[in-house]
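Below, each chain spelled out in residue letters.
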Amino acid sequence: MKRPLAPALLLALTFSLLADHAAAQPANLGKVVFPNSGAEAAQAPFLRGLLLLHSFEYDDAREAFGEARTVDPDFAMAAWGEALTHTHPLWGQQDLEAGRAALAGLGADAAARLAKAPTEREKAYLHAIEALYGAGEREARADAYAAAMERLVAAYPDDLEARSFYALALLGTSWGERDVPTYMRAAAVAEEVFDANPQHPGAAHYLIHSYDDPIHAPEL
């Protein structure tokens with residue numbers, strides 16, 4: 001396991017998490033970088049949706065991604081983001097049909113959707129979410145999604161969003177049940193993101209949840 005978190009880091013995480021939930025104050029949502037091929041006019045709502053998604057503000061995130069898709073109907077990453085709002089990993093919840101419907105709005109099948117992603121990186125994100133909402137039992141789909149996100153991180157090691165969503169995907173493999181070794185793997189990934197970008201709302205959020213048990217909480 002990585003080094004224990006210092007009290008100063010806990011304080012920073014706490015204030016960051018509080019800011020994450022201040023949806024009425026977009027300036028306080030944090031900071032993320034996500035290069036993509038969407039239209040310029042769709043970037044602001046897309047990034048707002050991404051920040052809200054990391055804060056588990058799923059309804060508001062869905063609205064923001066929908067706004068981005070209204071501006072650019074073929075915006076693959078906006079469809080990806082909207083679909084992700086229908087899975088709540090830490091709560092063990094997923095609306096499978098709604099997630100599939102969000103993807104169907106981009107294209108009738110996986111091949112058609114991939115054709116809307118101009119870059120290999122964006123295709124990798126779509127491959128991952130196709131696993132999350134594909135065939136099979138939800139546990140198998142969650143494992144396949146986490147494995148796909150792990151491959152995405154390996155292919156694009158500088159992509160902090162890939163690392164963030166990989167950490168969350170790991171947390172989601174237990175579907176609301178706390179598996180300590182898996183949570184510590186997620187914490188190690190989230191710490192890397194936090195070290196690189198202390199303003200990243202997902203890093204703060206996922207670290208707090210990863211360490212939220214009687215054994216590890218004192219390390220915060």
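For clarity, every value in this text was computed on a predicted model and none was experimentally measured. Each chain carries its own residue numbering, running from 1 in the written order of its sequence. Under the rules for a predicted model, residues below a pLDDT of 70 receive no local features and side-chain atom pairs below 80 are neither given nor counted, while totals for whole chains, interfaces and linings still include all residues. To obtain the side-chain values, all non-hydrogen atoms of the structure were included, while hydrogens and water were left out.

A. Local environment of the overall build of the protein chain. The way it works is that DSSP assigns letters per residue, a run of H or I at least four long becomes a helix, a run of E at least two long becomes a strand, and they are numbered from the N terminus. Counting its regular elements, the protein chain contains 11 helices and 2 strands. Each residue is assigned to one of three classes by its accessible area relative to the maximum for its type, calculated with a 1.4 Å probe on protein chains only: buried under 20%, partly exposed between the two thresholds, exposed over 50%. Each of the 220 residues in the protein chain was classed as buried or not, and the buried ones make up 52%. In this description, contact between two residues means that some pair of their heavy atoms is separated by no more than 4.5 Å. Taking the contacts inside the protein chain whose residues are at least 6 apart along the sequence as the reference set, 61% of them involve residues at least 24 apart. Each accessible area is a Shrake-Rupley estimate made with a 1.4 Å probe; only the visible protein chains count as cover when residues are assessed. Summed over its atoms, the accessible surface of the protein chain is roughly 9500 Å², and 58% of this surface lies on carbon and sulfur atoms.

B. How the structure looks around the side chain of Arg163. If you trace the backbone, Arg163 turns up in helix H9 (residues 160-172). Once residues within four sequence positions are removed from consideration, Arg163 is found in contact with Val153, Pro157, Val189, Glu192 and Val193.

C. Just helix H7 (residues 120-132), in detail. To estimate how far a helix should extend, the number of its residues minus one is multiplied by 1.5 Å. Along its 13 residues, H7 runs 19 Å from first to last C-alpha, staying within 8% of the 18 Å computed at 1.5 Å per residue. If you check which residues of H7 are buried, you get Arg121, Glu122, Tyr125, Leu126, Ala128, Ile129, Glu130 and Leu132.

D. Structural context of the pattern of salt bridges. Each reported salt bridge corresponds to a side-chain nitrogen of Lys or Arg within 4 Å of a carboxyl oxygen of Asp or Glu. Counted according to the given criterion, the structure contains 9 salt bridges. Measuring nitrogen to oxygen at the nearest pair gives 3.4 Å for the salt bridge that ties Glu97 to Arg100. Of this pair, Glu97 and Arg100 both sit in helix H5 (residues 96-104), 3 residues apart, roughly one helical turn. Since its relative accessible area comes to 30%, Arg100 is described here as partly exposed. Close ionic contact of Glu130 with Arg113 constitutes a salt bridge, the shortest N to O distance being 2.6 Å. Separated by 17 residues along the polypeptide, Glu130 in helix H7 and Arg113 in helix H6 (residues 110-114) bring together distant segments of the chain. Each member of the pair, Glu130 as well as Arg113, is classed as buried.

E. View of unusual backbone geometry. A positive phi is found at Phe56, a non-glycine position, where the angle reads about 65 degrees. Considering the arrangement of structural elements, one finds Phe56 in the loop between helix H2 (43-54) and helix H3 (58-71).

F. Geometry of the environment of Tyr206. Structurally, the position occupied by Tyr206 is in helix H11 (residues 201-210). Separated by 12 residues in the primary sequence, Tyr206 and Phe194 have C-alpha atoms spaced 9.9 Å apart. In contact with Tyr206, not counting residues within four places along its chain, are His54, Phe56, Ser164, Ala167, Leu168, Leu171 and Ala190.

G. Spotlight on the packing of aromatic side chains. Only centres within 6.5 Å qualify two rings of Phe, Tyr or Trp (six-membered ring in Trp) as a pair; their planes then separate them into stacked at under 30 degrees, edge-to-face at over 60, and tilted for everything else. This structure, assessed with the given rule, holds 11 aromatic pairs. A ring pair is formed by Phe56 and Tyr58, whose centres lie 5.8 Å apart and whose planes are at 10 degrees; its orientation type is stacked. The burial state of Phe56 is the same as that of Tyr58; both residues are buried. When the centroid spacing of 5.2 Å and the interplanar angle of 75 degrees are considered together, the rings of Trp80 and Tyr125 count as edge-to-face. Note that Trp80 is positioned in helix H4 (residues 76-84) and Tyr125 in helix H7, a separation of 45 residues in sequence. Classification of Tyr125 by relative accessible area gives buried; the value is 0%. Positioned over the ring face of Phe34 is Arg121, at 4.4 Å from the centre of the ring. Criterion for a charge above a ring: Arg CZ or Lys NZ at most 6 Å from the ring centre, at most 35 degrees from the ring normal.

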